[in-house]
Amino acid sequence: MVAQTRGGGQASPQKLKFHDRLVGKGLSTDALLKKLKHLHTQLAELDQDRVETATLTTVRKELIHNTILLHKDRGVKAYTACCLADILRLFAPDAPYTHNELRDIFQFFFRQLATGLRGSDSPYYNEYFHLLESLSTVKSVVLICDLPNAEELMVDIFRDFFALVRHDLSKKIELYMVDVLVALIDEATSLPSELMDVIMAQFLDKNVGLDNPAFRLAVQVCNSTPDRLQRHVCQYFTEIIVQHAPDEELDDIRKAHELEELRVEDLALRTMATQVLGEMFADKGGADLVRKYPTTWSLWNLRRNDKSSAIRLTFVEAAHRLLVCLPEQRDFVEEALSAKLLDPDEKVRAAVCKLYSQLDYETALHHVSELQLRRVAERGLDKKHAVRIEALNSVGKLYSLAYTEIENGDQGSIKQFSWIPQSLLQMSQSQEVKAAAEHALAEYVFPLVSSSKEAEIEESTWTDRLLMTMKFLNGKAISCLISFSGLKIARPSIYERFVQCCKDNNGGIIDENEEETIRKLNACVQRLSATFPDPQKAADDLGAFAKLNEGRLYKLLDTCMDTQTNLKVLAKSSREFLQRVEQSSSGILPTMAVFLRRASLRLINQSSIPYLLRHLQRSDLTGDSYGTNQVQLLANNAQTILTSISKHCPVMYKAHVGELTKAIANEKNQRLVEVCLQALAALAKWDDGLVLGDKRTTERLMRFSLDSNHRNAKYSARLLAVSKDGEKFCTDIINTISEDLCNVSDYKLVAHLTVLAELAQTSPDAFESKSEVIMNFIVKQILMTPSPPDPDNMDVDVEWIEEADVPPSLSMKIIALKVCRHRCLAHAASETALDMATPVLRMFFALLEHGGSIHAEIEDDPKVKARMRLQAAVSLLHLSTVPKFATTVTNSFVSLAIMIQDPCYQVRDEFLRKFISLATHQQLPPHFNVVPFLTVHDPEVDIKNMAKAYISLAYRAAPPSVKMNHFEMIFVQFLHLLAHHPDFSVTQETLPDIVKYIDFYFESVASAENISLLYHLSGKTKTVRDSESHLYSENLYALSELAQHIIKDLAKRHSWTLQSFPIKVKLPTGILRPLPNVEAVNKILKQVFLPPEALDWLSQARPAKTNAAEVRAFDRPNRRSSEKRKKDGSRPNDHAKRPRGNGHNRRSGNSDDESEENSDSSNGHEDLSTSSEVQSPPNSEDDHPSDNRRPGRGARTRAKVLQVLDYSRLC
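Predicted, not measured: the structure shown is a model, and the values here were computed from it.

**A word on the overall build of the protein**
In step 1: What the protein contains, in helices and strands, is 58 helices and two strands.
In step 2: Residues counted as buried form 55% of the 1211 residues belonging to the protein.
In step 3: Taking the intrachain contacts of the protein between residues at least 6 apart in sequence as the baseline, contacts between residues at least 24 apart amount to 77%.
In step 4: For the protein, the accessible surface area stands at approximately 52300 Å², while carbon and sulfur atoms represent 50% of it.

So this is what it looks like as structure tokens:
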């Protein structure tokens, strides 16, 4: 590779140093061969972008001399072909030859390949391989398409390649052949019929199968060029059919895959025939016609595969009436329509989807299968927006038609249609589909504003519809529904800030702080528009709305966004807002309709709360309040909604304090009491002045806080902590609990510890009055107590325990860790905070170091260890939200970061969710954002997708300063983390895995705007040293060189310019230290730390990257790349493994007192991937996921934490 200098101007041009003559009298074969070898070596080393082509004039002419092209020696011809291929590369995109000369050259090329590339043992095999590789990568072969006899030459090439490939050549040669043939097909203006004969002949071979190299080559070519070949294949089969008389053999016809075409070539005539016959078959006597004229019926049905999309569209339109009027042929018609859902033409696919939206309820129920409806719904993920809209609207309309019957319990209707809302909610996870799925949900599943007429909406009916729909949703879909409702949006929301910015902007007439006002408005517009399928149009529409500057529109939006607005007022205001927007600027209506829907609480409204409470009151009063009958299922859903309100938007309870307070007196209904206590506690945390504090309620709360129901105890303690005499109440509770710690049952001890964890944070002074007693008990009696495996348990490889099976002993350990964490957070602002937190932090890191055990010598149950290390890791994340604690955590950050590679799936999953919930609100230090990049090797797709969704959305929605600090400047910390990774080594086995981490980072973050900064940061890491050891410094330097190489390659492939970064950047000081002097810096910069063969390892392990300069030579815009990236099923860097379960949900509740409270908030992937609004953090945490799956044991190394655990300081 030619060395290049940065910052020193452009590199000097390269000149060909070869000056010998190739043509002349008396030149022996050996001498000519030696010269050609020397010339080939020089040409191969020249760079296309820097070569001085004038120095090539002599050799380019001599190489095509007849004495050379027709030379008898095979070696001369082989090296000549290689030299000519390099000449074409260096002169690209303008070939330095005439059409006739190019014809001779390419004929010469393929003659050499056909005779010389028959096996690796053939003479001059490497030269022939070089020639084929050049034709594949440089794409010079497309010049053939511009020659006068192009079609004839193309047919010869196809024949030669299909004959040559039968010699069982290597896979790489097959791929190069595919590249050449695909390039020719893509660039040809027309394809000769003889060429199609050659391709189709491979499918008619007796030895059809993937074991046949020719068949395999044909399949790859067809799969790579479906759009170009489709029409030609149809025409090919048509000609076969027309050429065969009725009495001839039908073998070829059968192999035509039933793609018959009518003999009539007139499009208008075929269209009329298809339409008329369709109407006749759909008429009253249609069934008789089918029986009487079966041949006509069969031929008409074949119009679904007509070569004209207009005919296929006519067929689909006619099929609508057939479903209604020809029930005998329902299966046949459905099969045809099912195939057309995958038609290559998007208009045909959209027409099929639209067809089902035009069906009435009875037809959809009795004459369409559930499977077909699900196929229509799947088109909601179609690549084309028009198809997605029709598909989602169709299934949405059908659900709307069927809802009354579903509500009445009709089993046929339930089976046929009840799954539709769940399907829509699941598809709303995709950013491309999100808007269309939300529209279908809002218009057909939960229709609030159905027409321009002011129709009153009944809150009870609306609430019942919501609960009934939830009855048929699974847990993930319910979480999506909660996100869709807008409950999780942090308030004041981005929508409210946008409206305020519009008011401040005042239509562009700004009195003061003009620049700041415009900046804030633009920032809101940018952030909002990023959540729309077409960000640019959304940004334009939001800007146009701001320019309207209509006060009434602002007033209506404020009313709709107000959490205290009831459903009737919301419906009326929404209707008026949309009408006024349409009158003022109809072009922005679609965007503002989406804005309004996302900004308002229409699905779950404050006026629904009394009806939700009523459903809970109707549930079982004597049992556990859980069941499977209609009443119980609706009550379960009501509880889910009320719990979500408590976690994310408790202000909605403001008008219902009296009802909630009254409800907690109904102690027979424990579920009602628990939900209302949680609601009151959440509301009190939001505004303690809204909670009633009468004596009877206080006494009841005191009793609950000392009871054995840990959830009731926790919420009661939280309420008491913010009450008028809260300090006194909390002190009494602490005193009572501290005296009873050793004298209560395990279940009551769990409740007591839950209260202590709550009061450690909400009433720290009361807690500290007995902290010595409490902490001594927690450390010595709970945390230091071993939890050995059950000798009778046969599932020794199970690392996770389901929520229902969590024993009190494990719950106590987990809550004990919470007590330690909450105590540290409560005293974060005090001067002694770090002294108090240091032993806690050491304990948490010791748990990570020992895999979940407090000591290395302790042999705990693997299920206990998994939950303990998860709790320790999540606790460290929470403590890292405090700057003074974050500094200490950073010193051992590697141990925390690689928890994302824990062998237990549930640990990785919950750790990532908790990380996302904190990082989304920028509560964690910027360098913590390196964590999701470590998921690239995760064996589970959902974890990688969750990480990608967070990175993509967070980076896209962030303002420039946040992008730089939270995603770009952390690249140094990312390299530092990789340098300390337990699996890091500069070996052929490990280095490709390390490269994948860096590739993942660049794929997510790198762009033309920041590539120079990333390159600068990569280079700067060789000017400092690691703060721990010389070994880690060498690792860091090797990574610096590796990153620079990858960045250069990336910039070259994307045609990005690498420039000197003009701004001085400061590297992190905690993990890096300066080198002692300038001489040491220069020595490090000159030394190469990557092994010389490292780049060869990477080229072998990484998918082949085409040289960007060579691609630019002949590859025209929008060319289809024929090279597919292979997905390697193996996992060399085996950090985390788990077997697939048996169909159970991956997540259930939580393992302690906050199961429902954090089930949504921890689900960062659904929230993040479906909405870019900042989600409100939950009012209380929960860090214990559970799962009904049974994962196996994995193995990974863990970083060492070189600290001594000082348990006495915890006390």
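The structure having been displayed, the exposition proceeds.
**Structural notes on helix 26 (residues 475–485)**
In step 1: Counting buried positions along helix 26 yields nine of 11 residues, so the element is predominantly enclosed.
In step 2: All buried positions along helix 26 are accounted for by Ala477, Ile478, Ser479, Cys480, Leu481, Ile482, Ser483, Phe484 and Ser485.
In step 3: Phi for Gly486, located one or two positions after helix 26, is positive at around 90°.

**Things to note about the pattern of salt bridges**
One side chain can pair with another of opposite charge once the charged atoms of both are near each other.
In step 1: On inspection of all chains with the given rule, the structure shows 33 salt bridges.
In step 2: With its nearest N and O atoms 2.4 Å apart, the salt bridge here joins Asp288 to Arg291. With a gap of three residues between them, Asp288 and Arg291 both fall in helix 14 (residues 286–292), about one helical turn apart.
In step 3: As a salt-bridge pair, Arg330 and Asp331 come within 3.2 Å of each other at their nearest N and O atoms.
In step 4: On the accessibility criterion, Asp331 (55% relative accessible area) is exposed.

**Observations concerning the packing of helix 39 (residues 726–740) against helix 40 (residues 746–762)**
In step 1: Following both chains from N to C, one finds helix 39 and helix 40 inclined at 140°, their axes separated by 11 Å at the closest point. Considering the angle they form, helix 39 stands oblique to helix 40. The handedness of the crossing between helix 39 and helix 40 comes out as left-handed. Residues Cys730, Ile733, Ile734, Ile737 and Asp740 of helix 39 form the contact with helix 40, whose participating residues are His752, Val755, Leu756 and Leu759.
In step 2: Of the residues contributing to the contact of helix 39 with helix 40, the split by class is seven nonpolar, one polar and one charged.

**Considerations on unusual backbone geometry**
In step 1: Note the cis peptide between Arg491 and Pro492, where omega equals 5°.
In step 2: Look at Tyr124: it is not a glycine, yet its phi comes out positive at around 60°.
In step 3: Summarising the element assignment, Tyr124 is placed in the loop between helix 5 (99–116) and helix 6 (125–138).
In step 4: Since its relative accessible area comes to 27%, Tyr124 is described here as partly exposed.
In step 5: Despite not being glycine, Asn513 has its phi angle at roughly 50°, a positive value.
In step 6: If you trace the backbone, Asn513 turns up in the loop between helix 27 (494–505) and helix 28 (514–529).
In step 7: We classify Asn513 as exposed; its relative accessible area is 56%.

**Structural notes on a nonpolar patch on the surface**
In step 1: On the surface, a cluster of nonpolar side chains totalling about 340 Å² of accessible area is made up of Leu269, Met272, Val276 and Met280.
In step 2: With respect to the element layout, Met280 can be found in helix 13 (residues 267–281).

**As for the packing of aromatic side chains**
In step 1: The tally for this structure, following the rule as stated, stands at 30 aromatic pairs.
In step 2: Seen from their ring centres, Phe933 and Phe974 are 5.7 Å apart, and the 50° between their planes marks the pair as tilted. In this pair, Phe933 is assigned in the loop between helix 48 (905–919) and helix 49 (941–957) and Phe974 in helix 51 (residues 971–980), connecting sequence segments 41 residues apart.
In step 3: Classification of Phe974 by relative accessible area gives buried; the value is 0%.
In step 4: Cluster of aromatic residues (ring-pair linked, three or more members): Tyr495, Phe498, Phe545, Tyr554, Phe577 and Phe595.
In step 5: Over the ring of Trp419 we find Arg374; its NZ or CZ atom is 4.4 Å from the centre of that ring.
In step 6: The ring of Phe532 is capped by Arg598, whose NZ or CZ atom sits 5.1 Å from the centre of that ring.

**Points about the confidence of the model for the protein**
In step 1: Per-residue confidence for the protein gives a mean pLDDT of 81; residues scoring 70 or more make up 84%.
In step 2: Overall, residues 240–264 carries pLDDT values under 50, and its contacts beyond four positions in sequence, including any with other chains, amount to 31 contacts.
In step 3: Low pLDDT (under 50) marks residues 450–454, which in the prediction has six contacts with non-local residues, meaning those over four places away or in another chain.

**A look at the environment of Gln606**
In step 1: Within the fold, Gln606 resides in the loop between helix 32 (589–599) and helix 33 (609–618).
In step 2: Here the alpha-carbon distance between Gln606 and Ile645, two residues 39 residues apart in the chain, equals 9.4 Å.

**Description of helix 18 (residues 346–357)**
In step 1: If you check helix 18, its first and last C-alpha atoms are 17 Å apart, about what 12 residues at 1.5 Å a residue would give, namely 16 Å.
In step 2: Of all 12 residues that make up helix 18, nine are buried, and the element is covered over most of its length.
In step 3: What helix 18 keeps buried is the set Val348, Arg349, Ala350, Ala351, Val352, Cys353, Leu355, Tyr356 and Ser357.
In step 4: Structurally, the start of helix 18 carries an N-cap: the backbone nitrogen of Lys347 is 2.8 Å from a side-chain oxygen of Asp345.

**Digging into the packing of helix 25 (residues 459–470) against helix 34 (residues 630–648)**
In step 1: Relative to each other, helix 25 and helix 34 sit at 100°, their axes nearing to 9 Å. One finds that helix 25 runs roughly perpendicular with respect to helix 34. Across from Leu466, Leu467, Met468 and Met470 in helix 25, the residues of helix 34 making contact are Gln630, Leu634, Asn637, Ala638, Thr640 and Ile641.

**Examining the side chain of Ser1012**
In step 1: By the element assignment, Ser1012 lies in helix 53 (residues 1011–1020).
In step 2: When neighbours within four sequence positions are excluded, Ser1012 is seen to be in contact with Thr1057, Leu1058, Gln1059 and Phe1061.

**Some points on the environment of Pro839**
In step 1: Within the secondary structure, Pro839 is located in helix 44 (residues 833–849).
In step 2: Judged by relative accessible area, which is 1%, Pro839 ranks as buried.

**What about the side chain of Thr469?**
In step 1: Here Thr469 lies in helix 25.
In step 2: Here the side chain of Thr469 touches Tyr399 through a polar contact of 3.1 Å, side chain to side chain.
In step 3: The residues touching Thr469, leaving out its near neighbours within four places in the chain, are Tyr399, Tyr403, Pro421, Val445 and Phe446.

**Here's the deal with the environment of His656**
In step 1: Locating His656 in the fold gives a position in the loop between helix 34 and helix 35 (657–663).
In step 2: In this structure, the C-alpha to C-alpha distance between His656 and Leu680, residues 24 residues apart in sequence, is 9.7 Å.
In step 3: With residues up to four places along the chain from it excluded, the contact list for His656 reads Gln606, Ile609 and Pro610.

Conventions we followed
Residues numbered from 1 in each chain as written. Predicted model: local features only at pLDDT ≥ 70, side-chain atom pairs only at ≥ 80, totals over all residues. Heavy atoms only, no water. Helix = DSSP H or I, 4+ residues; strand = E, 2+ residues; numbered from the N terminus. Buried < 20%, exposed > 50% of the residue type's maximum accessible area, 1.4 Å probe, protein only. Contact = heavy atoms within 4.5 Å. Areas by Shrake-Rupley, 256 points an atom, 1.4 Å probe, with all protein chains shown as cover. Salt bridge = Lys/Arg side-chain N within 4 Å of Asp/Glu carboxyl O. Axes fitted to C-alpha atoms, helices over the stretch in contact; angles between N-to-C directions. Parallel < 35°, antiparallel > 145°, perpendicular 65-115°, else oblique. Left-handed = near helix turned anticlockwise from the far one by under 90°. Nonpolar A, V, L, I, M, F, W, Y, C, P; charged D, E, K, R; others polar. Patch = residues over 30% accessible without salt bridge, like charges linked within 9 Å, V, L, I, M, F, W, Y side chains within 5 Å. Phe/Tyr/Trp six-rings, centres within 6.5 Å; stacked < 30°, edge-to-face > 60°. Lys NZ or Arg CZ within 6 Å of the ring centre and 35° of its normal. pLDDT = per-residue confidence, 0-100. Expected span 1.5 Å × (residues − 1). Polar contact = N/O pair within 3.5 Å; in protein donor to acceptor, adjacent residues only side chain to side chain.

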